[in-house]
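Structure assessment
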Amino acid sequence: MRSDPNRLDIRGNLSCGLDVVIDVGCIFEGDVQLEDNVTIEAYSVVKDSRVGEGTTIKTHSCIEGAYIGKRNQIGPYARLRPGAKSSDNVRLGNFVEVKASEIGQGSKVNHLSYIGDAKIGTGVNVGAGTITCNYDGANKHQTVLENDVFIGSNTELVAPVIIGAGSTIAAGSTVTKNVPPNNLALSRI
């Protein structure tokens, strides 16, 4: 279903499943696949991507070269760059940017964060303002957040770094070393 077929731009191949809802002002470029019960809200751009069943792309989001799992909530104002891959029941909220990263089932990056060159496990919560510092000026490095990790708001994860399963990173921390499983890491002045 399209809210207004005259206010939709398809610049390639758009494949839609059943009960797909596309709001006004959306642009689809390249090869795009929308599975059953997908909703694309107003003024979003989707390019060369697959969007899984039951997923909602909120208004003004930009999706390029991404694979989005089932029942995701993306945006508003999210940007998924090439190589972004999410599993099922993932939440990538407002002003979240993801590049060349895998986000595990049930994980959340709710707002104002940059996730680049990362592998995020299942059940992870990434707090507002968190960034993966993946580029050292010459090379890109990977950040790994294992299952059930909690990252407090305004945290910098300086790659390469591994945060072990079940660990918590306190808000406002800069992490430059690996954190073993089931530990608390924090940095303060």
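These lines cover the structure that appears in this document, whether it is placed above or below. (Residues numbered from 1 in each chain as written. Predicted model: local features only at pLDDT ≥ 70, side-chain atom pairs only at ≥ 80, totals over all residues. Heavy atoms only, no water.)

Section: the overall build of the chain
Keep this limit in mind: For helices the rule is a DSSP run of H or I covering at least 4 residues; for strands it is a run of E covering at least 2, with both sets numbered from the N terminus onward. Each radius of gyration is computed over the set of C-alpha atoms, and the globule rule expresses the reference value as 2.2 Å times the number of residues to the power 0.38. Note on classification: 1.4 Å probe, protein chains only; a residue is buried when its accessible area is under 20% of the maximum for its type, exposed when over 50%, partly exposed between these limits. By definition in these notes, contact holds between two residues if any of their heavy atoms fall within 4.5 Å. For every accessible area listed, the method is Shrake-Rupley and the probe measures 1.4 Å; residues are considered covered only by the protein chains on display.
The number of helices and strands found in the chain is zero helices and 25 strands. Its C-alpha atoms give the chain a radius of gyration of 17 Å, near enough to 16 Å, the size a compact globule of 189 residues would have. Across the 189 residues that make up the chain, the buried fraction comes to 42%. Pairs at least 24 residues apart make up 9% of the contacts formed inside the chain by residues separated by at least 6 positions. Carbon and sulfur atoms make up 49% of the accessible area of the chain, which amounts to about 8,800 Å² in all.

Here we look at the pattern of salt bridges
Heads up, the rule is: When a carboxyl oxygen of Asp or Glu lies within 4 Å of a side-chain nitrogen of Lys or Arg, that pair is called a salt bridge.
In total, this model carries seven salt bridges according to the counting rule given. A salt bridge links Lys-58 to Glu-41; the nearest nitrogen and oxygen atoms lie 3.8 Å apart. Remark: Glu-41 occurs in the loop between strand E4 (39-40) and strand E5 (45-47) and Lys-58 occurs in the loop between strand E7 (56-57) and strand E8 (62-64); sequence separation between them is 17 residues. Residue classification places Lys-58 among the partly exposed residues on the basis of a relative accessible area of 26%. Using a relative accessible area of 24% as the deciding quantity, one classes Glu-41 as partly exposed. In this structure, Arg-81 and Glu-97 form a salt bridge, with 2.8 Å as the shortest nitrogen-oxygen distance. Linking Arg-81 in the loop between strand E11 (79-80) and strand E12 (85-86) with Glu-97 in strand E13 (residues 91-99), this pair joins segments that are 16 residues apart in sequence. A network of salt bridges, in which partner residues are shared, links Asp-9, Arg-11 and Glu-29.

What about the nonpolar core?
Inclusion rule: Among the buried residues, those of types Ala, Val, Leu, Ile, Met, Phe, Trp, Tyr and Cys that are joined through side-chain atoms within 4.5 Å form a nonpolar core.
Counting 40 residues, the largest nonpolar core has Phe-28, Leu-34, Leu-80, Leu-92 and Ile-163 as the members making the most contacts within it. Secondary-structure elements contributing two or more residues to this core are strand E3 (26-34), E13, strand E15 (108-116), strand E16 (118-120) and strand E22 (161-163). If you tally residues by element for this core, the top one is E3, at four residues. Setting aside residues up to four positions removed in sequence, Leu-80 forms contacts with Cys-62, Ile-63, Glu-64, Ala-66, Ile-68, Ile-74, Leu-92 and Val-98.

Structural measurements only, silent on function.
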